Amino acid sequence: ITEVQRTTVFTTHTPVPAGHDAFPFHLVEKYLHPYWHQLGIDRERFLAFGTHRESWGEVFHMTVLALQMTGHCNGVSKTHGEVSRRMWQHLWPERSLEHVPISSITNGVHTPTWLDPELHRLYDRYLGPDWQKHHDNPAIWLKIHDIPDQELWWARLRLKYQLMHFIRERARQLWREERRDPVQVLASGALLDPEALTIGFARRFATYKRATLLLQNLARLQTILQDRWKPVQVVFAGKAHPADEPGKHLIHQVYTLAKEYGLGGQIVFVEDYDIRVAKFLVRGVDVWLNNPIPPLEASGTSGQKAALNGVPNLSISDGWWWEGYTGGNGWTIGPTNPLVEIESRDVHDADLLYTLLETEIVPLFYQRDSDDVPRGWMRVVKAAIASIAPQFSARRMVKEYIERFYVPAASASSAVITTANGTLPSTSPEID
Ligand SMILES: *Cc1c(COP(=O)(O)O)cnc(C)c1O
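Residues numbered from 1 in each chain as written. Predicted model: local features only at pLDDT ≥ 70, side-chain atom pairs only at ≥ 80, totals over all residues. Heavy atoms only, no water.

For the rest of this paragraph, the subject is the overall build of the chain. When helices and strands are counted, the chain shows 18 helices and twelve strands. If one aligns the C-alpha atoms of the chain with their principal axes, the spans along those axes are about 75 × 55 × 45 Å. Among the 432 residues that make up the chain, the fraction classed as buried is 50%. Sequence separation of 24 or more characterises 73% of the internal contacts of the chain that already satisfy a separation of 6 or more. Taken as a whole, the chain presents about 20700 Å² of accessible surface, with 55% of it coming from carbon and sulfur. Mean positive and mean negative side-chain charge positions of the chain (45 and 49 charges, respectively) differ by 3 Å. (Helix = DSSP H or I, 4+ residues; strand = E, 2+ residues; numbered from the N terminus. Buried < 20%, exposed > 50% of the residue type's maximum accessible area, 1.4 Å probe, protein only. Contact = heavy atoms within 4.5 Å. Areas by Shrake-Rupley, 256 points an atom, 1.4 Å probe, with all protein chains shown as cover. Lys, Arg positive; Asp, Glu negative; His and termini not counted. Charge placed at Lys NZ, Arg CZ, Asp CG, Glu CD.)

Dropping the structure here:
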């Protein structure tokens, strides 16, 4: 067991119970009984490795098994590490909370995949042609501030026009090829305005992500959306897990509103969310919204993709944003209050969200200079890129896994893995 522990790495990915597999003992017995003979241990010893007590009885729990069998465990953001230590402290009853052996390595996104190619060329010009080879180095990104506001703003506008074009062509396809009802064509984004402040919300429709929080108070939302001089529109996209009925119900609620005449085609739902749709959305909207129930968002990564492309986050302080927010690189919806009742919690959080939109975000976006460039807005855009792109890159993340976990785990192995010159790699130079 100590050999397995020393040489095995485990990453826990979510605090949400549905994300953890657990099986009844009779199934474990049916499929795994040959192993306990092979290992020279009895049934009780084997089952004890993964036994977890739920309110309805005992199960064989894969996370419990993994936590007890691995010497290197992590959550996927600082706050998720903390939440996981609290969740699993009972497995180490003799230890205090901070000594529970679960650390954290925060998720990051693959920069070359998620950065728009034309922005990439713009960054080449200002960050230096080699920037991609060192893109986890924060110092390189300070040069973002050398890009003239107007040049970056025009690049942002172009991405927004590309998104609107993509959405409109999909709407046309529904009309022409699928003969959809005209209301459905409008609900899929045919009336979007490329000049209006556009909020994006695209992710799995798991209930804890609260897709409908923004729709809490429709009258107040409508006032925000339909301001004559400062219009706002919202683009939703996402799928629910096939077995998640409450999640599907949330999609239905969003779609029903997207079809409302009174909302003027300013709330839209883009169907068939996938990586391709995600690429257009994280580049093309103006603000990326995320409002999960804290502390249930382990990390989240779509907001990192958005920031890389100059789209600031508007998010609850949870997951990666808990450590990503610096004060000037986006907006935090909060402070949220975990003690308020469930019904009043959503009212409370939605209220904070509307207030931020009304008093800060919408006015800043529409505050233009004589050349029509929103200088204050561009300050947030640049701060978002410079602070988030290096820190929340997969390059930084993979290096951390290698240095803190993989190399120590490999060195501890009796079957020693070495490179050609006989040493363990300290970091991999080939990471993009
Ligand atoms: C990035 C991405 C996700 C993850 O987004 P979250 O913010 O973590 O929910 C999900 N689906 C697609 C298609 C993505 O590109």
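This brings us to the packing of helix H9 (residues 149-176) against helix H13 (residues 275-284). Between H9 and H13, the least distance of the axes is 8 Å, while the angle of their chain directions is 140°. Put simply, H9 runs oblique to H13. For the element pair H9 and H13, the recorded crossing hand is left-handed. On H13, the residues that touch Arg-156, Leu-159, Lys-160, Gln-162, Leu-163, Phe-166 and Arg-170 of H9 are Arg-276, Val-277, Phe-280, Leu-281, Arg-283 and Gly-284. Residues belonging to the contact of H9 with H13 are distributed by class as follows: six nonpolar, two polar and five charged. (Axes fitted to C-alpha atoms, helices over the stretch in contact; angles between N-to-C directions. Parallel < 35°, antiparallel > 145°, perpendicular 65-115°, else oblique. Left-handed = near helix turned anticlockwise from the far one by under 90°. Nonpolar A, V, L, I, M, F, W, Y, C, P; charged D, E, K, R; others polar.)

This part takes up the pairing of strand E12 (residues 330-333). Neither face of E12 is open: one carries Gly-330 and Thr-332, the other Trp-331 and Ile-333, and all of them are buried. The pairing of strand E11 (residues 313-316) with E12 spans four bridges and is classified as parallel. Note that in E12 the partner of Leu-314 across the bridge is Trp-331. (Pairing = 2+ DSSP bridges.)

For the rest of this paragraph, the subject is the environment of Leu-192. Assignment of secondary structure puts Leu-192 in the loop between helix H10 (182-190) and strand E7 (197-202). Owing to a relative accessible area of 10%, Leu-192 belongs among the buried residues under this scheme. Separated by 135 residues in sequence, Leu-192 and Gly-327 place their C-alpha atoms 31 Å apart. In this view, Leu-192 contacts Met-164, Ile-167, Gln-233, Val-235, Gly-265 and Val-268; residues no more than four positions away in its chain are not counted.

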